[in-house]
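What follows is the residue order along each chain.
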Protein chains: 2
Amino acid sequence: MNIVIIGTGNAATVLAKKFVAAGHHIIQVFGRDLHAASKLAYEFDTESTNYWSVIRKDADVYIIAVSDDAITEVARHLQLPGRVVAHTAGSVSKDVLKAISSHYGVFYPLQSLRKEMSTLPEIPVFIDASDEKAKDVLNRLAVSISPEKIMLANDQDRRKLHIAAVVVSNFVNHLFALAEDYCKKEGLDFQQLLPLIEETVMRLKTVSPKHAQTGPAIRNDQPTIDQHLQLLQSHPQLKKIYELMTNSIQSSAGSSNN
Amino acid sequence: MNIVIIGTGNAATVLAKKFVAAGHHIIQVFGRDLHAASKLAYEFDTESTNYWSVIRKDADVYIIAVSDDAITEVARHLQLPGRVVAHTAGSVSKDVLKAISSHYGVFYPLQSLRKEMSTLPEIPVFIDASDEKAKDVLNRLAVSISPEKIMLANDQDRRKLHIAAVVVSNFVNHLFALAEDYCKKEGLDFQQLLPLIEETVMRLKTVSPKHAQTGPAIRNDQPTIDQHLQLLQSHPQLKKIYELMTNSIQSSAGSSNN
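Notes on the sheet that holds strand β7 (residues 125–129) of chain A
Paired through backbone hydrogen bonds, the strands of a sheet run either parallel or antiparallel to each other.
All names here are of chain A.
Right, so step 1: Taking strand neighbours across the sheet as the criterion, the eight strands line up as β3-β2-β1-β4-β5-β6-β7-β8 in an open arrangement whose pairing is mixed. The outermost strands of the open sheet, each flanked by one partner alone, are β3 (47–49) and β8 (151–152).
Right, so step 2: Across the face of the sheet, helix α1 (residues 10–21) comes into contact with β1 (2–6), β2 (25–30), β4 (61–64) and β6 (103–109) while running at roughly 170° to β1.
Right, so step 3: Helix α5 (residues 155–186) contacts β5 (84–87), β6, β7 and β8 of the sheet and is inclined by roughly 15° relative to β6.

See below:
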């Protein structure tokens, strides 16, 4: 397929790489920041622009990969009757694209994408579409870059997936950041925790996390919990998280025993 | 080395497997539960007992891998003058073993160990010892099963490592469990989040989690946060965690900007 990429950030860059790796052609990159747009276009041996008026009209699909609040602005400038156009946001309704074309939808990558990635990650894609034509094109594009079955997710489903993603990625990363900070302050080597972290994640493939819960909280090991809270006196932010997570683990265990 | 394993649980089982894989000999397994002890002994083609009086006196090292509160009980029953003995607990002082022998210490595996593991995980080992003899034996044992440099960690360091381990493993697993529960209730497939989770962890090898933080909280994207909290009305436990983690992420960002 011939694809126009609108945006030059993390999602735009990684998706464009995935598309090219799957044999598609990026025929143009649009970016408000022309420098970023031409840099990305150079990578794909294609053209770039920061003028709405010169956006090509002959692509099979237009992927709007910009920040949530910029999508509406993009929609105000684009008129692509007959073309298929999609944004990539979890928490934005597909209907913000209504005025651009009658064939619109969403191409939502459930993955954390960063320009700097040296290897392209596996990306489960969820699509939504206004009509059969958009659905067909977005589905074929998704199938070409994602090894798994492509799933449909309407605005509401996508918002819920986004919540789950925030929990397992943003919140988990914050726990890593707090632990790293704690290790640094206490003269411990955070890197020594990596095998444990990898094991915790590996286990998800075979055991439900509900049944893999271990540690002082689930054991109701109050002496250890007290000792830990004592040692966390000088780390108030982590202490607060420790208390809340311990309570939450214990209340989950309590409710599943009932 | 010739090793006596005291205990039949997760740590006892996995450490024994690691020892055998490294060429050591398990010459006896002690377990209060004789059935469990003989089952484990059978696996290593060795003998088992549940009598303190028949514990062999000729091993190079005795590994006490029992629950934290059972260690003191074990120590009351064991007399092994001249022998090297160690427990495996993060939060228990090495000195509870003082009465057993003058060569005592700790052999602390910083890993989540489960009997059911089909492949043995990488295990960073931290040791502590009462004297040079115990240090030498425990160090050689640790080097034989752990690819990395062996680190010394006294009682206080080990407690702190345990806290960090609780954060990155038990708390992280609890976030996975909450997300899985949420997905189940909302008709979403938790397994679709695995590539995202793997990417979040993979990234730790190259980027500090502090610099890898993404999501609505760090972006101060209040409309998305409000939308998420609205959708979490019917999930009060997850909503509470969402609020606390969001505040914590924002307060970390605030303090590092100062």
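The structure having been displayed, the exposition proceeds.
Describing the relation of the copies chain A and chain B
Right, so step 1: Its rotation angle being 180°, the transformation that places chain A on chain B also includes 0.0 Å of axial translation and leaves an RMSD of 0.0 Å. Viewed as a symmetry operation, the transformation between the two copies matches a two-fold axis. Every residue of chain A has its C-alpha some distance from the rotation axis, and the shortest such distance is that of Val172 of chain A, at 2.9 Å.
Right, so step 2: In this assembly the copies share their binding face: 100% of the residues contributing to the interface of chain A also contribute to that of chain B.

Observations regarding helix α6 (residues 194–202) of chain A
Right, so step 1: Counted residue by residue, α6 of chain A has seven buried out of nine residues, so it is predominantly covered.
Right, so step 2: When we look at burial in α6 of chain A, the residues that qualify are Leu194, Pro195, Leu196, Ile197, Glu199, Thr200 and Val201 of chain A.

Examining the interface of chain A and chain B
Right, so step 1: Contact residues are listed per partner, giving 83 residues for chain A and 83 residues for chain B.
Right, so step 2: Carbon and sulfur atoms make up 68% of the area that chain A and chain B hide from each other, which totals about 8,000 Å².
Right, so step 3: A per-residue breakdown of the area chain A buries against chain B is headed by Ile163, Phe171 and Gln192 of chain A, which together make up 8% of the total.
Right, so step 4: In this structure, the connection of chain A to chain B is made through four salt bridges.
Right, so step 5: The partner of Glu186 of chain B in a salt bridge is Lys160 of chain A, and the shortest N-O contact between them spans 2.8 Å.
Right, so step 6: On the surface where chain A and chain B come into contact, there are 38 residue pairs in polar contact (both at pLDDT 80 or more).

Focus: the sheet that holds strand β5 (residues 84–87) of chain B
Residue and element names in this part refer to chain B.
Right, so step 1: With mixed pairing, the eight strands of this open sheet are ordered in space as β3-β2-β1-β4-β5-β6-β7-β8. The sheet terminates laterally at β3 (47–49) and β8 (151–152), the two strands that pair on one side only.
Right, so step 2: By the bridge criterion, four bridges tie β5 to strand β6 (residues 103–109) in an arrangement that is parallel. When the sheet's bridge partners are listed, Val85 is paired in β6 with Tyr104.
Right, so step 3: Strands in contact with helix α2 (residues 34–43) are β2 (25–30) and β3; relative to β3, the strand with the most contacts, it is inclined by about 165°.

Here we look at unusual backbone geometry
Negative phi values dominate among residues other than glycine, just as trans dominates among peptide bonds.
Right, so step 1: Positive phi outside glycine occurs at Asp45 of chain A, with the angle close to 55°.
Right, so step 2: Even without being a glycine, Asn220 of chain B presents a positive backbone phi close to 50°.

So, the environment of Ile26 of chain B
Residue and element names in this part refer to chain B.
Right, so step 1: With respect to the element layout, Ile26 can be found in strand β2.
Right, so step 2: Separated by 40 residues in sequence, Ile26 and Val66 have C-alpha atoms that sit 16 Å apart.
Right, so step 3: Excluding residues within four positions of it along the chain, Ile26 makes contact with Ile3, Ile5, Ala16, Phe19, Val20, Phe44 and Thr46.

Focus: the confidence of the model for chain A
Right, so step 1: Overall, the predicted model of chain A reaches an average pLDDT of 94, with 99% of residues at or above 70.
Right, so step 2: This complex was scored by the predictor with a pTM of 0.91 and an ipTM of 0.93.

Definitions and cut-offs
Residues numbered from 1 in each chain as written. Chains lettered and ligands numbered in written order. Predicted model: local features only at pLDDT ≥ 70, side-chain atom pairs only at ≥ 80, totals over all residues. Heavy atoms only, no water. Pairing = 2+ DSSP bridges. Helix = DSSP H or I, 4+ residues; strand = E, 2+ residues; numbered from the N terminus. Contact = heavy atoms within 4.5 Å. Axes fitted to C-alpha atoms, helices over the stretch in contact; angles between N-to-C directions. Least-squares fit on C-alpha atoms with pLDDT ≥ 70 in both. Buried < 20%, exposed > 50% of the residue type's maximum accessible area, 1.4 Å probe, protein only. Buried area = accessible area lost by both parts, 1.4 Å probe. Salt bridge = Lys/Arg side-chain N within 4 Å of Asp/Glu carboxyl O. Polar contact = N/O pair within 3.5 Å; in protein donor to acceptor, adjacent residues only side chain to side chain. pLDDT = per-residue confidence, 0-100.

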